[in-house]
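Chain residues, written in single-letter form:
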Amino acid sequence: MEKDFIEEVTWRGMVHDVMPGTQEHLNETSRAAYVGIDPTADSLHIGHLVGVMMLRHFQLAGHKPVALVGGATGMIGDPSGKSQERNLLDEKTLRHNQEALKKQLSKFLDFKTSEKNSAILVNNYDWMKDFSFLDFIRDVGKHITVNYMMSKDSVKKRLSSESKEGMSFTEFTYQLVQGYDFLHLYRTQDCSLQMGGSDQWGNITTGTELIRRIDQGKGFALTCPLITKADGTKFGKTATGNIWLDPEKTSPYKFYQYWINTSDEDAEKFIKIFTFLSKDEIESLVKSHREQPHLRTLQSKLADEITEAVHSKDAFEKTKEASKVLFGKSTEEDLAKLDEATFLDVFEGVPLKELNKDLLKDGLDMIAALSAETEFLNSNGEARRALKENSISVNKSKVGLDYSLKESDLINGKYVLINKGKKNTYLIKFD
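The shown structure was predicted, so the numbers you read here are calculated from the model rather than taken from an experiment.

## Some points on the UniProt feature "short sequence motif: 'HIGH' region" (unreviewed entry) in the protein chain
Those places that UniProt annotates as "short sequence motif: 'HIGH' region" (unreviewed entry) correspond, in this numbering, to residues 39–48. As annotated, residues 39–48 comprises 0% helix and 0% strand, and the C-alpha atoms at either end are separated by 11 Å.

## Here's the deal with helix α16 (residues 297–310)
The terminal C-alpha atoms of α16 lie 20 Å apart, and with 14 residues this matches the ideal 20 Å at 1.5 Å per residue to within 8%. Of all the residues in α16, the buried ones are L298, Q299, L302, A303, D304, I306, T307 and V310.

## What about the pattern of salt bridges?
In total, this model carries 24 salt bridges according to the counting rule given. Notably, a salt bridge pairs K313 with E317, separated by 3.9 Å at the nearest N-O pair. With K313 and E317 both in helix α17 (residues 313–327), this residue pair falls four residues apart, about one helical turn. The structure contains a network of salt bridges with shared partners spanning K3, E8 and R12.

## A closer look at the environment of M53
In this structure, M53 sits in helix α3 (residues 49–60). For M53 and L105, which are 52 residues apart along the polypeptide, the C-alpha to C-alpha distance reads 10.0 Å. Contact partners of M53, with chain neighbours within four places excluded, come to M14, F108, I273, F274, T275 and F276.

## Observations concerning the nonpolar core
Ranked by size, the top nonpolar core spans 57 residues in total, and within it F5, I46, L49, L105, M195, W259 and F274 carry the most contacts. Per-element accounting of this core gives the leading share, seven residues, to α3. Ignoring any residue separated from it by four or fewer positions in sequence, one finds L105 in contact with I37, L44, V52, A67, F111 and L121. By size, the runner-up hydrophobic cluster in this structure holds 26 residues, among which are V66, A72, Y148 and I211.

## Overview of unusual backbone geometry
Its identity as a non-glycine residue notwithstanding, D190 has a phi of 55°, on the positive side. Take D190: it is sitting in the loop between α11 (174–188) and β5 (191–197). The backbone of K396 sits at a positive phi, close to 75°, despite the residue not being glycine. With respect to the secondary-structure elements, K396 resides in the loop between β11 (392–394) and β12 (397–398). The class for K396 is partly exposed, based on a relative accessible area of 27%.

## Re the packing of helix α13 (residues 252–260) against α16
At a closest axis distance of 8 Å, the pairing of α13 and α16 adopts a crossing angle of 145°. The handedness of the crossing between α13 and α16 comes out as right-handed. Contacts from P252, F255, Y256, W259 and I260 of α13 reach α16 at Q299, S300, L302, A303, D304, I306, T307 and V310. Residues that form the contact of α13 with α16 fall into these classes: nine nonpolar, three polar and one charged.

## What about the sheet that holds strand β6 (residues 220–224)?
If you trace the six strands from one edge of the open sheet to the other, you get β1-β6-β5-β2-β3-β4, paired in mixed fashion. Each having just a single partner strand, β1 (17–18) and β4 (120–123) make up the two edges of the open sheet. Looking at chain direction, strand β3 (residues 64–69) and β4 are connected through four bridges and run parallel. Its bridge partner being in β4, A67 is matched across the sheet by L121. Helix-sheet contacts for α11 involve β2 (32–37), β3, β4, β5 and β6, and the interaxial angle to β5 is about 145°.

## Some remarks on the UniProt feature "binding site: L-tyrosine" (unreviewed entry) in the protein chain
The positions that UniProt labels "binding site: L-tyrosine" (unreviewed entry) are, in the present scheme, Y34, Y174 and Q178. Here Q178 is to be found in helix α11. Residue Q178 is classed as buried on the basis of its relative accessible area, which comes to 6%. If near-sequence neighbours (up to four positions away) are discounted, Q178 is found in contact with Y34, Q194, Q200, N203 and I204.

Parameters at a glance
- The numbers attached to residues start from 1 for each chain and follow its sequence in the written order.
- Residues qualify for local features only when their pLDDT is at least 70, as the model is predicted, and side-chain atom pairs are given and counted only at 80 or more; totals for whole chains, interfaces and linings, by contrast, use all residues.
- Side-chain measures were taken over the full set of non-hydrogen atoms in the model, leaving aside hydrogen atoms and water.
- UniProt positions are given in the numbering used here, feature names are shortened, and annotations may be inferred rather than shown by experiment.
- Helix numbering and strand numbering both begin at the N terminus, where a helix is a DSSP run of H or I of at least 4 residues and a strand a DSSP run of E of at least 2.
- Here the expected length of a helix is defined as 1.5 Å per residue gap, with one fewer gap than residues.
- Exposure classes here rest on a 1.4 Å probe applied to the protein chains alone. A residue is buried below 20% of its type maximum, exposed above 50%, and partly exposed in between.
- Salt bridges are defined by distance alone: a side-chain nitrogen of Lys or Arg within 4 Å of a carboxyl oxygen of Asp or Glu.
- Between two residues, a contact is recorded if the distance between any of their heavy atoms is within 4.5 Å.
- Definition used in this section: a nonpolar core is a set of buried Ala, Val, Leu, Ile, Met, Phe, Trp, Tyr and Cys residues joined via side-chain atoms within 4.5 Å.
- Lines fitted to C-alpha atoms define the axes, with helix axes restricted to the stretch in contact, and inter-axis angles between N-to-C directions lie between 0 and 180 degrees.
- Handedness of a crossing is defined here by the sense of rotation of the near helix relative to the far one, left-handed for an anticlockwise turn of less than a right angle and right-handed for a clockwise turn.
- Nonpolar residues are Ala, Val, Leu, Ile, Met, Phe, Trp, Tyr, Cys and Pro. Charged residues are Asp, Glu, Lys and Arg, and all others, Gly as well, are polar.
- Any two strands between which DSSP finds at least two bridges are classified as paired.

What follows is the structure, encoded as C-alpha cells:
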C-alpha cells in the first residue's frame, strides 16, 4: 500500500465515524469503496467535494474508488438532512447529468489507469430499473425489520412532532434501496466499504446489515463530518446560491473569491480537506499564517490549489490576474486582458451608469462623466475639486480637468472604469 488511508483522512479531519476493523481490512490488500453522488444537477457543487476527495485519497492509497451516481435514488429522494421531499427526475435528464458529473470527477479520479485500482462510475438505475416491486420486497425487504428502519435518525427526525410534512412510504424505503446498492456492489465489484457524510451513517449501516444477513458477508462504513463554517453560515452557499464546479454556473473568479474570503479558522480546516498538500507543507503554512495572519497565506494557498484542481491552470491564472485588478496595483493593460464575464464579476456591485455611445464622438468631459451625466459625485463642483486634487483615474490611469472620454477608452468595447481615490469605484457602460 502506498499510504494508510485511514491515517491519511484522520489527520486531515475527514473522519466522523468508522466501523471497527475498517483500517485492518483496508491494510490487508487493495479494496474497493464507493461514495454515492446525487445526480439532481448536471454539476457537482463544493459540498460534494469532501466525498470526491475521500475517493481520491482512497485511490492514492492503492485502492479502487467507485463513484455511484444515484439515478434510482435520485428518483426517490433521500430523507437524510431534508425537511421535505425533493423533485423527481426523468431518465433522460439523469443520463445527461451522469455524463456531466463524470467529466468533473475525472479531474480528481483516474478512470483510465491500467492498474486494477482504476476508478469506475456506476449508476444504480442500471440495476434497479428491472427490479419489480414484488421481487424487491421479497428478496430485500424481508431481511430488514420495520423496527430496525424506524430506529434510524433520518426516519425519527421526519416522524417527530417538529416535522409538519411527515414521511412518505417512498422515502421510508430509501434506506433499503441504498442498502441494496451496497449489496449489489459487494457482489459485482467486491466493494466492501461505503463512505459518505455523517448524515448517511444510518443508510450505510443498513447496507452492511443486508450484506451480513443475505450474503453472510462483512461490509464496512466510514463517514466524514458535515462541513460547517466557524461563523455558523452554511458551507458552500452564498447569497446567490451554491458554489458550483461548472464555470457556467459559478465563474472561476467567483469560485476563487469564495475560498480567498475564508476565515482564518476555516482556512486551517479546509486546507487539509480540500487540497492534497502534505502534512509537513500544511503545518509549515499554518505556522507562517499564525505569525503573520494579515498576509492571508492559508487562504491564498487554499484558493490557488482548489481553483487550479477544479478549473485549470489557465483559468486559475486569469482569475489571479482579475483579483489583482480589484485589490492590487493594476494597469489599463491588465483591465484589457479580462473577458467581459470576468470583468463584470470583478466589478459586481460597483455603481454603474448606462450612457449613449454617441456622447463619446466629440469626447465626454470628466465633469460630465463624474457628475452631470452619471451623478457618481454630488455636484460639478465636487467633480472639479477631485480632478484638481489629482484623485481621479480612468481605467487605472490618473486624469485631470482637461481629459475627455473617447471610444479608445472603452474596455471590451463598452465599459469605462473610474476611480476616485482608492476606495470609490464607478463603471460607465456605453451602448
